[in-house]
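Structure assessment
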Amino acid sequence: MLTKFETKSNRVKGLTFHPKRPWILASLHSGVIQLWDYRMGTLIDRFDEHEGPVRGVHFHNSQPLFVSGGDDYKIKVWNHKTHRCLFTLLGHLDYIRTVQFHHENPWIVSASDDQTIRIWNWQSRTCISVLTGHNHYVMCASFHPKEDLVVSASLDQTVRVWDIASLKKKTVSPADDLMRFTQMNSDLFGGVDAIVKYVLEGHDRGVNWASFHPTLPLIVSGADDRQVKLWRMNETKAWEVDTLRGHMNNVSSVMFHAKQDIIVSNSEDKSIRVWDATKRTGIQTFRREHDRFWVLAVHPEINLLAAGHDNGMIVFKLERERPAFAVSGDSLFYAKDRFLRYYEYSTQKDAQVIPIRRPGTPSLNQSPRTLSYSPTENAVLICSDLDGGSYELYIIPKDSVGRSDVVQDAKRGTGGSAVFIARNRFAVLEKSTSQVLVKNLKNEVVKKSSLPIPTDAIFYAGTGNLLCRSEDKVVIFDLQQRLVLGELQTPFVRYVVWSNDMENVALLSKHTIIIASKKLVLQCTLHETIRVKSGAWDDNGVFIYTTLNHIKYCLPNGDSGIIRTLDVPIYITKVSGNTIFCLDRDGKNRAITINATEYIFKLALLRKRYDHVMSMIKNSQLCGQAMIAYLRQKGFPEVALHFVEDERVRFNLALESGNISVAVASATEINEKEQWYRLGVEALRQGNAGIVEFAYQQTKNFERLSFLYFITGKLDKLSKLMKIAEVKNNVMGQFHNALYLGDVKERVKILENAGHLPLAYITASVHGLTDTAERLATELGDNVPSLPEGKTPSLLMPPSPVMCGGDWPLLRVMKGIFEGGLESAARGGAVDEDEEDVGGDWGEGLDMVDVDGMENRDIEAILAEAEGAEEDNDEEGGWGELEGLDLPPELDTPKASANARSSVFVTPTQGMPVSHIWSQKSSLAAEQAAAGSFDTAMRLLNRQLGIKNFAPLKSMFIDLFSSSQSYLRAFSSSPVVPLAIERGWSESNSPNVRGPPALLYGFSQQEEKLKSGYKATTSGKDEKLTEALRLFLSILHTIPLVVVESRSEVDEVKKLVSIAKEYVLGLKMELKRRQKKDDPVRQQELAAYFTHCNLQLPHLRLALLNAMTVCYKAKNLATAYNFAKRLLETNPLESHARAARQIVQAAERNMTDTTELNYDFRNPFVICGSTYVPIYRGQKDVSCPYCTARFVPSQEGNICGVCDLAVIGADASGLICSPSQVR
């Protein structure tokens, strides 16, 4: 049993398959009807108008209808396209058990607990016949698939067959139906529409189900007596043929299989049983743990069944339909109908080779599963699931092709799977031990080998190699050397398909295709929603595969597409050119011709075979939105342009590929504001001022046009625009233009005319127009505004444009591969890929007689028109006629082509910013920070050193970033140009290779800080010790962002971290001791601990002198004696030595301590960096992953008290501060 689909729901009481689509309807005990797509595994719709359980449901075989009957005594007819109930049929007086459409007539048959069967006309929506005779609940009723018969089963222990031939002869007009209905009611269900033909008695209990055989005169029934009975009938009588016993509880449903001679039944004993209809014996039983079965459905066309149970339903097959086959060169060997057959691709000759009959087995799924062929020895291995997995080895006689009478005994053996691995050797898998037995053609074991993973199947992987499959991965194993050659994590692999050259392999699982190299290096993964069935490689290295309903392709980069749709599933055996050879489910060979243009075109693009691409563009019918979308997605909009006729799409593609000339032509055709605006934006990006101006004129965008003239220095055009604004009475536009022109008199005039006299007066006064200012002051009288005293005004004058006139200069660029190629192809020449010098600047490519003259003439004409016309304040003013530009007759619009014939030049693609290159190439935190990738730098520091507190590093990150960038000022109208500063740059460096960023912090700076720290420590004053602590902490904070070159320098850096850590810890303890004036015990302890830090000798002497003095003053003579002895060993200054000797003498007279300290100098210890207590040898501790300071276990998870950066006890990989550590 192969489960194809399973649902979880309320108890399923009714099931029906759609005859054409992959749909199944399930009616539930809860009153809901669910429509499922069993192929996709999705719920399409639900219908819930019934009240109470729905026990019967059935699809119409041609109309978009289904019928349902429920415990609410209603029969409802639904349209699944419109998702609604069309009408309800009323008449039954109790629960309705089953409903069914007739295959030809507009009839529905229904069975009910009211002991009747009714036949309805669903077109006239009336009951046309009531079949009475049963004297208990009628559990089911169904039409015969071909004849005018109905079979019904009842709890009165009988099965009845009814003849309804007379119903056909009657008229079925609605009026007649209505009359007949009233007449029938009056006759109390009388009438002679249908007569009982046979009553089948034999069951001892109520009968739950009865159904006809699709072609033979047989009936099968199942009853509460736990028996399945087979009945035969002829024209005059019907009789019991046999009884099938085996069910342990009531039989709920029983049916004949549509394609095979088998009977399928299910029962409340939680089992489905399969019986051989000819031998009348049980073949197989499928059980569920907890769910009783209630209903069965058989698909009318294909090998599918469905069963409903207490918690849902299952859709299943009884047997695999995939034929076992093996391809060898031009021939195919496959198993069909217990024969090994041979098919030759070139001649399409098909012949039987040898019989592979085996003794009849009483169970399903024993047909061959896989087939392996050795061409040199002409030997075939056939594997099946018989006896838990077995194989048969046949040697094909040379002359037996075409003769099927040669019967030979096969050499047999057990094993999970068996494949040829060499000319005369095959491997057999022992699943239980994960071992492979290598055997010769005499079936003798030659060698045993253990496999590297628990394996449940093996596949061929080249001579001497096996591909071993487990649940979640596959490995390639060399049997000779016993080496794993490759390994790959995969979903459960079902089939393995090698390319012709054995360089690539496709691994097929239920919904996934994985393409990998011969060493199992992943190339791409493809996911399908519908099951993948088969596949083969074509001659170009494209993988062609089938799903249940499509033939598809997969390119080496993972791009896929549909080649064609399938009506029925097929299994590809070979792809040759445009022909796919395949086997169908009946084991017949088929050759399907396909159109491979689409995937060959995409493959040529992928492999950069542009000559092929161009010939295909010219010669083939490649088109469609999908192809255009694909070309755009892959960055070839200029190629997509060649397929497109639609001007809007052409316009979008032209903008994407920077092809201004095509964009201008399309925008002119479309002539809409949005397109002109977008054209203006792209032309501005390319620096083509002529096209920008033309686009702004088309959209009458005066503000943008003013600004364009201003920044390009076309002041004469700007002054004309100002006059146009005056004519149109556009005061703001006029004022802006005057401001851009620096025309103060005009600005004063505009302000005066607008009534802003104070502003006009101030403008005139500031800019030195005294005559005008005096006149305005007279008009203002007492309201003259006062100017601020003692301040020099700055004049509001525009800056002079840096670049006047022309377009931006062009770079030398490669001619677009496709443009140039297509032209030369059209001229019959070869593809010219040489560099060409693009014209001086893009604007000259406008191909107009006199660009400036054209616009000037245009504006003057507008002015003349506007002045001559009445000033009606129309918004479209003097610019209304812009479309009719005064151009030479052969040109309608400017063309943005340079002086290189009519070819198109592609703009150079924007390069990657240097900061991105740094970020991609480096795994050093300092370089990531310099590139501005602060997140990445923080992640690296966290992973390498466990750093979590980044506050002390914030300013350093910003400094690193700032110091690796510089900025150059460009033109006034363009942004500044960022410049990356590289470490170790020299003029001899290649301009295309980027060095690492320059870094602010170096190792030598830290060494300088160390010297300053030592000096401040020696001083010993409080403020100097604080300064020393700051310097040592600064070293610890800077080192994660220092980069050195050699391994020896890395060791120096690590040594510096250790020194800085010791001094930070010691100085923190000493400063704390100096604050503890009121706690002499703690003072002595901290002074004692300080002497155990790893300090330079001068500083160790100072620490010992300090500890000796503190302890002597506190009368702890024994401890002071220890420090004095240690001090004397360091050769101190004479004054210090004298004091130490005196303390030694005093202590020797009285070797006692007045107070007990937490300090034992005999027992080695380290000091906790947070609590400043000793951690003696043998006690547990945790450490900082960066500075390696030690802490008591309770501090784990806190920020380190020494470096103030890392988390105590965190996992970290260690300091990486040099490229030499990464290589």
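Predicted model, so just to flag it, every value in this text is computed and none were measured. (Residues numbered from 1 in each chain as written. Predicted model: local features only at pLDDT ≥ 70, side-chain atom pairs only at ≥ 80, totals over all residues. Heavy atoms only, no water.)

**Here's the deal with the overall build of the protein**
The secondary structure content of the protein amounts to 30 helices and 63 strands. Residue burial in the protein is summarised as follows: out of 1223 residues, 52% are buried. The long-range share in the protein, meaning contacts at least 24 apart out of those at least 6 apart in sequence, stands at 50%. For the protein, the accessible area works out to roughly 57500 Å², and carbon and sulfur atoms hold 49% of it. (Helix = DSSP H or I, 4+ residues; strand = E, 2+ residues; numbered from the N terminus. Buried < 20%, exposed > 50% of the residue type's maximum accessible area, 1.4 Å probe, protein only. Contact = heavy atoms within 4.5 Å. Areas by Shrake-Rupley, 256 points an atom, 1.4 Å probe, with all protein chains shown as cover.)

**Details of unusual backbone geometry**
For leucine 520, which is not glycine, the phi dihedral falls at a positive 65°. Residue position: leucine 520 is located in the loop between strand E47 (512-517) and strand E48 (522-527).

**Some points on the packing of helix H23 (residues 1003-1019) against helix H24 (residues 1022-1038)**
The geometry of H23 relative to H24 is characterised by a closest axis approach of 8 Å and an angle of 155° between their N-to-C directions. By the angle class used here, H23 and H24 are roughly antiparallel. For the crossing formed where H23 meets H24, the hand is left-handed. When H23 is examined against H24, the residues Gln1006, Lys1009, Leu1010, Ser1012, Gly1013, Tyr1014, Ala1016, Thr1017 and Ser1019 are found in contact with a partner set consisting of Lys1024, Leu1025, Ala1028, Leu1031, Phe1032, Ser1034, Ile1035 and Thr1038. (Axes fitted to C-alpha atoms, helices over the stretch in contact; angles between N-to-C directions. Parallel < 35°, antiparallel > 145°, perpendicular 65-115°, else oblique. Left-handed = near helix turned anticlockwise from the far one by under 90°.)

**Quick look at a nonpolar patch on the surface**
Among the surface-exposed residues, Leu968, Val977 and Leu979 lie close enough to one another that they form a single nonpolar patch of about 240 Å² accessible area. Mapping leucine 979 onto the fold places it in strand E59 (residues 977-980). (Patch = residues over 30% accessible without salt bridge, like charges linked within 9 Å, V, L, I, M, F, W, Y side chains within 5 Å. Salt bridge = Lys/Arg side-chain N within 4 Å of Asp/Glu carboxyl O.)

**What about the packing of aromatic side chains?**
Scanning the model with the defined rule gives 32 aromatic pairs in all. Between tyrosine 1159 and phenylalanine 1165 the ring centres are 6.1 Å apart and the planes differ by 85°, which places this aromatic pair in the edge-to-face class. Phenylalanine 1165 shares its class with tyrosine 1159; the two are buried. Among the aromatic residues, those joined into a cluster by ring pairs are Tyr1089, Phe1123, Tyr1159, Phe1161, Phe1165 and Tyr1176. One Lys or Arg, lysine 13, reaches over the ring of tryptophan 294 and ends 4.1 Å from the middle of that ring. (Phe/Tyr/Trp six-rings, centres within 6.5 Å; stacked < 30°, edge-to-face > 60°. Lys NZ or Arg CZ within 6 Å of the ring centre and 35° of its normal.)

**Notes on the environment of arginine 245**
Turning to its location among the elements, arginine 245 is positioned in strand E21 (residues 238-245). Of the residues examined, arginine 245 reaches a relative accessible area of 58% and is grouped as exposed. When the C-alpha atoms of arginine 245 and arginine 280 are compared, they prove to be 9.9 Å apart, with 35 residues separating the residues in sequence. Apart from residues no more than four positions distant in its own chain, arginine 245 is found in contact with Gln227 and Trp275.

**Focus: the sheet that holds strand E42 (residues 465-469)**
An order of E41-E42-E43-E44 is seen for the four strands of this open sheet, with the pairing classed as antiparallel. The open sheet has two free edges, formed respectively by strand E41 (457-460) and strand E44 (483-489), since each of these has just one partner strand. Between one strand axis and the next, the sheet turns by 25° as a mean value, whatever way the strands run. Bridge count between E42 and strand E43 (residues 473-478): five bridges; the pairing is antiparallel. By the bridge assignment for E43, asparagine 465 is matched with aspartate 478. (Pairing = 2+ DSSP bridges.)

**Topic: the pattern of salt bridges**
Summed over all chains, the structure comprises 40 salt bridges. The partner of aspartate 310 in a salt bridge is arginine 11, with the nearest N and O atoms 3.1 Å apart. Residue aspartate 310 is located in the loop between strand E27 (305-309) and strand E28 (312-317), and its partner arginine 11 is located in the loop between strand E1 (2-8) and strand E2 (12-17); the two are separated by 299 residues in the primary sequence. Here aspartate 310 falls in the buried class, since its relative accessible area comes to 15%. Salt-bridge contacts for arginine 280 lead to aspartate 242; the nearest nitrogen and oxygen are separated by 2.9 Å. Linking arginine 280 in the loop between strand E24 (271-276) and strand E25 (281-287) with aspartate 242 in strand E21, this pair joins segments that are 38 residues apart in sequence. The class for arginine 280 is partly exposed, based on a relative accessible area of 30%.

**Some thoughts on helix H10 (residues 689-699)**
In terms of burial, H10 is a largely internal element, eleven of the eleven residues being buried. Within H10, the full set of buried residues consists of Ala689, Gly690, Ile691, Val692, Glu693, Phe694, Ala695, Tyr696, Gln697, Gln698 and Thr699. Looking one or two residues past H10, lysine 700 carries a phi angle of roughly 55°, positive in sign.

**Digging into the state of the cysteines**
Considering all chains together, one arrives at zero disulfides under this definition. The cysteine cysteine 1168 is free of any disulfide, with cysteine 1200 supplying the nearest cysteine sulfur at 9.6 Å. Classification of cysteine 1168 by relative accessible area gives buried; the value is 0%. (Disulfide = S-S within 2.5 Å.)

**Some remarks on the sheet that holds strand E12 (residues 116-121)**
Pairing between sheet strands relies on hydrogen bonds along the backbone, with the strands arranged either parallel or antiparallel. The strand order E10-E11-E12-E13 describes an open sheet built from four strands, whose pairing is antiparallel. Among the strands making up the open sheet, the edge pair consists of strand E10 (96-101) and strand E13 (126-132). Across this sheet, the average inter-strand angle for adjacent strands is 20°, counted without regard to direction. Strand direction decides the pairing type here: E10 and strand E11 (residues 107-112), joined by five bridges, are antiparallel. By the bridge assignment, glutamine 100 is partnered in E11 with valine 109.

**Section: the confidence of the model for the protein**
Looking at the protein, pLDDT values average 83 and 87% of them are 70 or higher. Every residue in residues 823-857 is under pLDDT 50, and counting partners more than four places away or in other chains gives 72 contacts. Here residues 862-903 is a poorly scored stretch, pLDDT under 50, and it has 75 contacts once near neighbours within four places are set aside; other chains count. (pLDDT = per-residue confidence, 0-100.)

**Here's the deal with the side chain of histidine 767**
Turning to its location among the elements, histidine 767 is positioned in the loop between helix H15 (757-766) and helix H16 (770-780). For histidine 767, a relative accessible area of 19% corresponds to the buried category.

**Section: a negative patch on the surface**
A grouping of Glu1007, Glu1008, Asp1051 and Glu1052 is seen on the molecular surface, where their side chains present a negatively charged patch. Counting residues per element, the ones that place at least two in the negative patch are H23 and helix H25 (1047-1075). Within the element layout of this structure, glutamate 1052 appears in helix H25. We classify glutamate 1052 as partly exposed; its relative accessible area is 39%. (Lys, Arg positive; Asp, Glu negative; His and termini not counted. Charge placed at Lys NZ, Arg CZ, Asp CG, Glu CD.)

**Topic: the packing of helix H27 (residues 1097-1113) against helix H29 (residues 1134-1149)**
One can describe the packing of H27 onto H29 by two numbers: an axis separation of 11 Å at closest approach and a directional angle of 40°. In this view, H27 runs oblique relative to H29, as classed from their interaxial angle. Classified by chirality, the crossing of H29 by H27 is left-handed. Touching Leu1105, Met1108 and Tyr1112 of H27 are His1136, Ala1139, Ala1140, Ile1143 and Ala1146, all from H29. For the contact of H27 with H29, the class distribution of residues is seven nonpolar, one polar and no charged. (Nonpolar A, V, L, I, M, F, W, Y, C, P; charged D, E, K, R; others polar.)

**Overview of helix H13 (residues 731-741)**
All of the buried residues in H13 are Gly733, Gln734, Asn737, Ala738 and Tyr740. End-on view of H13: buried residues confined to an arc of 160°, all on one side of the axis. Looking at the buried side of H13, the elements it contacts are helix H11 (702-712), helix H12 (715-727) and helix H14 (744-753). Directly beyond the C-terminal end of H13, a positive phi value near 75° is found at glycine 742. (Arc of directions from axis to C-beta.)

**Quick notes on the side chain of serine 509**
Residue position: serine 509 is located in strand E46 (residues 504-509). The class for serine 509 is buried, based on a relative accessible area of 4%. When near neighbours in sequence (up to four residues on either side) are disregarded, serine 509 contacts Pro491, Phe492, Val493, Arg494 and Val532.

**Topic: the environment of leucine 1071**
Locating leucine 1071 in the fold gives a position in helix H25. Separated by 46 residues in sequence, leucine 1071 and leucine 1025 place their C-alpha atoms 7.5 Å apart.

**Remarks on the environment of threonine 433**
Here threonine 433 shows up in the loop between strand E38 (425-430) and strand E39 (435-440). What makes threonine 433 partly exposed here is its relative accessible area of 43%.

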